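# Tertiary structure, described
Spelled out from the first residue to the last, the chains are:
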Amino acid sequence: MFSSQTSSFQDSIDVEERDEFDSEDIAGYSQKIQLNCYYTIYLYQGTRSEACGENVAWNQRRADSTTSHDDFSLTLIDSSLPSEAEPELRTYISRRLSKGALLGGMGNIATVELSLPEQAVGCYCCLLEQERSPEQPDADGNGYNLETEVRPYLSRWYEESVMHIYRVVQLVQSNISFLLHAALSHTHVEVTNSDERTKADVSRFIKAASLQGLSQQDTTTASLCKAMSEDTQSDVVIDCSSSPPTLTNAVSNCFCDGWIQAFLNAAERCNPFLLRQILENFKLKAIQDMNSLKRFVRQAEMSHYALFRCCQFLQGCGNGDVLLQNARAEHSDLPEACNIIAVLDEFLSEQAQA
């Protein structure tokens, strides 16, 4: 888990909604930013009957670190939280588990109040299922390899899983729209003249911003990749030999340009947690528009007015090129839909020339 910042989490969101900020406001706000990150790992046992043999004895020895319910128990394994804050977190997670709000393999983000210097804490929690059933850990918990594997990994989690978005925005600044467009259009991005961390950061940003894996049809990604290989679109190249870096073959559109200021505002105010939220909102809006286009295309097969509405939607959303690219791949095996998409593509081309 990680803290968002020393001011309240709600304040960080309110800051983004302010239209005007002078340099003194920004400087004062940045000075009070102090990001702290914590982690906690628990042993979750879905039924009380699972706790048997040596595991029962181990849990009894750690009774003060175990929260038990009728259908599960939650036992502290390791934590970097202050001692007064950890039981509060355990209570919060136990409450979520008892309501069935935490599903295996799916992460959740929420704001929680703990006994910490920070006024609010952003908490990411995920219920992980073991791939194999290891023997019960010994009395010291060494069976979890805390020192060599788990603890170092959790200590780096915030830096590797959240901060890379902040570093990429700081790197490219207003050129972030080109990376957003590349992610949506499945365009490969190459980073040159940089260290390995920067290359990894950009790669992870593109992966986080893309819609790959979110389509309802399994064949969509494969079809889109095939279509992209047949196009003449070149890779986007980020050359870090200069500051700021130079981008080659970069393409954007009105939709992606519209998100530039939100990313810059969050980065300027040193709020990586909010940057991740903005990125998820960006993807959500793209998915909503994609679903709207698919609905319009189905309607346009039977109505000329629906086709007109398609044209209006594509002209107004600012993301028509990307939406049509994805729709073309997803409807590749539907001749009538392909004909509609061809007409829409021709319409957008004429509008661009005009």
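Refer to the structure above for everything that follows.
What you see is a predicted model; the values in this text were computed from it and never measured.

### Thoughts on the overall build of the protein
Broken down by element type, the protein carries 15 helices and 8 strands. Within the protein, the fraction of its 354 residues that count as buried is 44%. Sequence separation of 24 or more characterises 71% of the internal contacts of the protein that already satisfy a separation of 6 or more.

### Overview of the nonpolar core
Counting residues in each nonpolar core, the largest one holds 62 residues, and the members touching the most others are I176, L180, F205, L293 and L344. Ranked by residue count, the leading element in this core is helix α12 (residues 272-300), at 11 residues. In contact with L180, not counting residues within four places along its chain, are F205, A209, C256, W259, F263, L279 and F282. Grouped together as the second largest cluster of nonpolar side chains are 20 residues, Y42, L74, L81 and L114 included.

### Considerations on the packing of α12 against helix α13 (residues 304-317)
The geometry of α12 relative to α13 is characterised by a closest axis approach of 8 Å and an angle of 160 degrees between their N-to-C directions. Regarding the angle of α12 to α13, the classification is roughly antiparallel. Viewed along their axes, α12 and α13 form a crossing whose handedness is left-handed. Contacts between α12 and α13 involve D289, S292, L293, F296, V297, Q299 and A300 on the former and, on the latter, A306, L307, R309, C310, F313, L314 and C317. When its residues are assigned to classes, the contact of α12 with α13 shows 10 nonpolar, 2 polar and 2 charged.

### Points about unusual backbone geometry
With the exception of glycine, the majority of residues adopt a negative phi angle, and the majority of peptide bonds are in the trans configuration. The amide bond that connects S243 to the next residue, P244, takes the cis arrangement and shows omega of 0 degrees. Within the fold, P244 resides in the loop between β7 (236-239) and β8 (246-248). The phi dihedral of N193 falls on the positive side, at around 55 degrees, and the residue is not glycine. Take N193: it is sitting in the loop between β6 (189-192) and α8 (196-209).

### Section: the packing of α8 against α12
Taken N-terminus to C-terminus, the directions of α8 and α12 make an angle of 45 degrees; their axes are 9 Å apart at the nearest point. As the angle between them shows, α8 and α12 are arranged oblique. When α8 is examined against α12, the residues F205, A208 and A209 are found in contact with a partner set consisting of R276, L279, F282 and K283.

### Brief notes about helix α7 (residues 176-184)
α7 sits mainly inside the fold: 8 of its 9 residues count as buried. Considered for burial, the residues of α7 that qualify are I176, S177, L179, L180, H181, A182, A183 and L184. Among the residues trailing α7, H186 stands out with phi positive, at a value near 60 degrees.

### A short note on the side chain of E330
When you line up the elements, E330 lands in helix α14 (residues 320-330). For E330, the side chain forms a polar contact with the side chain of K294, separated by 3.2 Å.

### Topic: the environment of E129
In this structure, E129 sits in the loop between β5 (121-126) and α5 (146-161). The spacing of E129 and G105 is 24 residues in sequence and 7.1 Å in space, taken between C-alpha atoms.

### What to know about the sheet that holds β8
One open sheet holds the 3 strands; their spatial order is β6-β7-β8, and the pairing between them is mixed. In the strand order of this sheet, the two ends are held by β6 and β8, each with one partner. Between one strand axis and the next, the sheet turns through 20 degrees on average, direction left out of account. In the sheet, β6 pairs with β7 via 4 bridges, with the strands oriented parallel. Residue pairing in the sheet places T192 in a bridge with D239 of β7. The sheet contacts of α8 involve β6 and β7, and relative to β6 the element is tilted by about 165 degrees.

### Details of the packing of aromatic side chains
Evaluation of the coordinates by the stated rule reveals 7 aromatic pairs. Ring geometry for F255 versus W259: centroids 6.4 Å apart, planes at 65 degrees, classification edge-to-face. Each of the two residues, F255 as well as W259, counts as buried. Taking the centre distance of 5.5 Å and the plane angle of 65 degrees together, the rings of F296 and F313 count as edge-to-face. Separated by 17 residues along the polypeptide, F296 in helix α12 and F313 in helix α13 bring together distant segments of the chain. Given the relative accessible area of 16%, F313 is considered buried. Members of the aromatic cluster, each reached through a chain of ring pairs, are F255, W259 and F282. When the ring centre of F296 is taken as origin, the NZ or CZ atom of R295, which lies over that ring, is 5.3 Å away.

What counts as what
- Residues numbered from 1 in each chain as written.
- Predicted model: local features only at pLDDT ≥ 70, side-chain atom pairs only at ≥ 80, totals over all residues.
- Heavy atoms only, no water.
- Helix = DSSP H or I, 4+ residues; strand = E, 2+ residues; numbered from the N terminus.
- Buried < 20%, exposed > 50% of the residue type's maximum accessible area, 1.4 Å probe, protein only.
- Contact = heavy atoms within 4.5 Å.
- Core = buried A, V, L, I, M, F, W, Y, C linked by side-chain atoms within 4.5 Å.
- Axes fitted to C-alpha atoms, helices over the stretch in contact; angles between N-to-C directions.
- Parallel < 35°, antiparallel > 145°, perpendicular 65-115°, else oblique.
- Left-handed = near helix turned anticlockwise from the far one by under 90°.
- Nonpolar A, V, L, I, M, F, W, Y, C, P; charged D, E, K, R; others polar.
- Polar contact = N/O pair within 3.5 Å; in protein donor to acceptor, adjacent residues only side chain to side chain.
- Pairing = 2+ DSSP bridges.
- Phe/Tyr/Trp six-rings, centres within 6.5 Å; stacked < 30°, edge-to-face > 60°.
- Lys NZ or Arg CZ within 6 Å of the ring centre and 35° of its normal.

By themselves these figures say nothing about function.
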